[in-house]
Amino acid sequence: CYAIRNSEVIHETVENTGADISRSPVEKLDRFAFAYRNEVYLYKREGIKGIFHIALRTPLHIFRVLTRASGQKLQRIGIILINTLKGFLFDPDIEYLQNERK
């Protein structure tokens, strides 16, 4: 992660109402794969509290898909389950940069 003081981020979305796999258009479902994987990776580092969060969140999100989604329910549930599992297996190498300040 780098911090650039003068950087500017432009979000070119019409509206930002939060990410909800149960209501997202089919053409945007692919973006949830990394979201689920990365969230599990972060929460599992919190120990039992994080595991508890994942254990509650996963069936809740599946329930939302089953009750809210208008199409592609199996694809949505697959994204949740597959990428939750990938999050438990995800263990990236961290590359540290040397501090070049003198």
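These figures come from a predicted structure and were not determined experimentally.

Conventions used here
Residues numbered from 1 in each chain as written. Predicted model: local features only at pLDDT ≥ 70, side-chain atom pairs only at ≥ 80, totals over all residues. Heavy atoms only, no water. Helix = DSSP H or I, 4+ residues; strand = E, 2+ residues; numbered from the N terminus. Rg over C-alpha atoms; globule rule 2.2 N^0.38 Å. Buried < 20%, exposed > 50% of the residue type's maximum accessible area, 1.4 Å probe, protein only. Contact = heavy atoms within 4.5 Å. Salt bridge = Lys/Arg side-chain N within 4 Å of Asp/Glu carboxyl O. Core = buried A, V, L, I, M, F, W, Y, C linked by side-chain atoms within 4.5 Å.

Asker: Now, about the overall build of the protein: what can you tell me, with residues and values included?
Answerer: Of regular secondary structure, the protein possesses three helices and zero strands. Ordered by position from N to C terminus, the α and β elements of the protein give α-α-α. In terms of overall size, the protein is more extended than a compact globule, its C-alpha atoms giving a radius of gyration of 17 Å where 102 residues would be expected to give roughly 13 Å. Dimensions of the protein along its principal axes, counting C-alpha atoms only, are 60 × 40 × 20 Å. When the 102 residues of the protein are sorted by exposure, 24% land in the buried category. Restricting the contact set of the protein to residue pairs at least 6 apart, pairs at least 24 apart contribute 62%.

Asker: Please set out the side chain of Ser24 residue by residue, giving values where relevant.
Answerer: Structurally, Ser24 is set in the segment before helix H1 (32-44). Once residues within four sequence positions are removed from consideration, Ser24 is found in contact with Leu29, Phe32 and Arg76.

Asker: So what's going on with unusual backbone geometry? Which residues, and what values?
Answerer: At Gln72, a residue that is not glycine, the phi angle is positive and equals roughly 55°. With respect to the element layout, Gln72 can be found in the loop between helix H2 (48-68) and helix H3 (73-89). A residue is classified by how much of its surface remains accessible, and Gln72, at 41% relative accessible area, is partly exposed.

Asker: Could you give an account of the pattern of salt bridges, with specific residues and numbers?
Answerer: Enumeration over the complete set of coordinates arrives at three salt bridges. Ionic pairing is found between Arg23 and Asp20, a salt bridge with its closest N-O pair at 3.8 Å. Between Arg57 and Glu39 there is a salt bridge; the shortest N-O distance is 3.5 Å. Linking Arg57 in helix H2 with Glu39 in helix H1, this pair joins segments that are 18 residues apart in sequence. Relative accessible area serves as the criterion here: at 25%, Glu39 is assigned to the partly exposed category. By sharing partners, the salt bridges in this structure join Asp20, Arg23 and Arg68 into a single network.

Asker: Break down the nonpolar core for me, citing the residues and quoting the values.
Answerer: Core analysis: the biggest nonpolar cluster contains ten residues, these being Ile21, Leu29, Phe32, Tyr36, Ile62, Val65, Ala69, Ile77, Ile79 and Ile80. Broken down by secondary-structure element, the contributors of at least two residues to this core are H1, H2 and H3. A total of three residues in this core trace back to one element, the largest contributor, which is H3. Setting aside chain neighbours within four positions, we find Ala69 in contact with Ser22, Arg64 and Arg76.

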